[in-house]
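# Understanding the architecture of this molecule
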Amino acid sequence: MPALHEKLIPVFDDVVRRNPGEIEFHQAAREVLESLGPVVAKHPDYIDSQILGRLCEPERQIIFRVPWTDDNGRVQVNRGFRVEFNSALGPFKGGLRFHPSVYLGIVKFLGFEQIFKNSLTGLPIGGGKGGSDFDPKGRSDAEVMRFCQSFMTELYRHIGEYTDVPAGDIGVGGREIGFMFGQYKRITNRYESGVLTGKGLTWGGSQVRTEATGYGTVFFVEQMLAAKGRKLDGMRVVVSGSGNVAIFAAEKVAQLGGTVIAMSDSGGYVVDENGIDLNLVKDIKLNRRARIADYATERVDGARFIDGGSIWDVPCDVALPCATQNELTGADAASLIRNGCVVVAEGANMPCTPEAVRAFEEAGLLFAPGKAANAGGVATSALEMQQNASRDSWNFAYTEERLRIIMKDIHDRCLGTAEEYGAPGNYVAGANIAGFTRVADAMVAFGVV
Ligand code: NDP
Ligand code: 2IT
């Protein structure tokens, strides 16, 4: 592991001591702290005022019981979380994840990342995250509705358009946001559109929010390539996952002339050298909520499904990990490098292990961390809040252009900051430092709160 600045060692030790067993949170905190050596060397006041110590401690953590009844009349009990990490720049903002692997350490890692990501967007949003260990797989719409209603029956008292604004993440899409908004509206007797983002287009949602994370990641890649005088046109792209982020990343790649040759889900991956048929993926994953394995059986001409294995063994020019944390290991990175990959951009949150990121840096690949590359989703959520606040709605083309400009600004801010702090071309350093300083300066201004 790269060394930490001596002033940051106690900060990291405290994170480990105070949050035992929360390994994903330790990993996310360490990644940010490793970048901040040059910042604390230049600004000792950040250490004196304990900005780092305060940043690593959530403002508020809520854990609650979520009881609900399944279709067989049996009572089920899940655990709900909301970690309100930092509100220096605006209301807590970040998604809700429903997945059996969710526990406090996952929610905290995601909430911590969200602080810096949201700061990077330049928009007025703080950082938070929530979710549940509820597994939506195989559940009927009625079961998902009852779960969401029970979840919101507790969560509603903690959120609000000026307080905390949740959205989707793994396992939470338009259907779940609808059930939760309906319950919030009923309990509070208020049509408070700005309390959740990712809403349906007829009831306060924004154009482009569904597409925003994936599209934004590809806009970011476009900028990285442009900085090297290259284009996505003609490149072969591998996208892991086949959920919200993956599907719309793949769609934008195709629009810009690239060819997506492989996608995956938790059961394995499909390779289609002719270019993945996205309409089929959308039908399988979004409409039928089925498995990516079905792609190979339904599209017979040349597509193959690999059960297990690693999607990163498929040779490509561009790799977009868009599924989940730590899905791309050091060994996967070695295989991408060996096969001549030139760009890796994280559509998911922390999908590359620290070993993988180090390997990319050593090999001189272009690597974009999630807090920069996938910030388009939350940025468009902030645009949704803006439209809700002004009771307005913008058209698709205008909103997409706003997203494109935001991603270019984030890209340029990362490169400019990396240069300023002596790490030219290092998007990890640029994203962490630029994200951090904006939050830190607001915290300094507020005094010890
Ligand atoms: P979805 O639930 O829509 O899709 C998740 C995809 O990843 C599915 O294909 C799923 O496979 C796969 N996946 C999930 N968990 C695992 C796992 N443990 N192992 C292997 N595959 C897995 O989620 P999103 O597309 O919204 O989220 C994907 C990533 O992007 C997450 O890291 C999320 O935090 C991040 N993100 C999402 C944003 C958003 O706006 N939605 C914004 C920024 C980042 P299966 O169908 O088999 O479960
Ligand atoms: O990780 C993320 O940025 C998200 N899941 C989106 C959060 C949001 O509030 O839109």
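Up top you'll find the structure we're talking about.
Remember, predicted model here, so these are calculated numbers, not experimental data.

## A short note on the site of ligand 2
Not every one of the 14 residues close to ligand 2 is listed here, only the nearest: Lys 93, Gln 114, Lys 117, Lys 129 and Ser 381. Within the side chain of Lys 129, one N or O atom sits 2.9 Å away from an oxygen atom of ligand 2. Between an oxygen atom of ligand 2 and a side-chain N or O atom of Ser 381, the distance comes to 2.6 Å. When ligand 2 is considered free in solution it has 300 Å² of accessible area, and contact with the protein chains removes 94% of it.

## A look at the sheet that holds strand 3 (residues 92–98)
Here we have five strands laid out as an open sheet, ordered 1-2-4-3-5, and mixed in their pairing. The strands lining the two open edges of the sheet, one partner per strand, are strand 1 (60–69) and strand 5 (164–167). Each strand of the sheet is rotated relative to its neighbour by a mean of 20 degrees, with strand direction disregarded. Sitting on the sheet, helix 6 (residues 104–120) is in contact with strand 1, strand 2 (75–86), strand 3 and strand 4 (127–132), with an inclination near 150 degrees to strand 4.

## Describing the sheet that holds strand 9 (residues 304–307)
Across the sheet, which stays open at both edges, the seven strands sit in the order 9-8-7-6-10-11-12 with mixed pairing between neighbours. Pairing within the sheet leaves two strands with one partner each, and these edge strands are strand 9 and strand 12 (366–368). Averaged over all pairs of adjacent strands, the angle between strand axes in this sheet comes to 15 degrees, irrespective of strand direction. For strand 10 (residues 318–321) and strand 11 (residues 343–345), the ladder comprises two bridges, and the chain directions are parallel. Each bridged residue has a counterpart across the sheet, and for Ala 319 the counterpart in strand 11 is Val 344. Running over the sheet, helix 9 (residues 209–227) touches strand 10, strand 11 and strand 12 and is turned about 150 degrees from strand 11.

Definitions and limits used
- Residues numbered from 1 in each chain as written.
- Chains lettered and ligands numbered in written order.
- Predicted model: local features only at pLDDT ≥ 70, side-chain atom pairs only at ≥ 80, totals over all residues.
- Heavy atoms only, no water.
- Near = heavy atom within 4 Å.
- Polar contact = N/O pair within 3.5 Å; in protein donor to acceptor, adjacent residues only side chain to side chain.
- Areas by Shrake-Rupley, 256 points an atom, 1.4 Å probe, with all protein chains shown as cover.
- Pairing = 2+ DSSP bridges.
- Helix = DSSP H or I, 4+ residues; strand = E, 2+ residues; numbered from the N terminus.
- Axes fitted to C-alpha atoms, helices over the stretch in contact; angles between N-to-C directions.
- Contact = heavy atoms within 4.5 Å.

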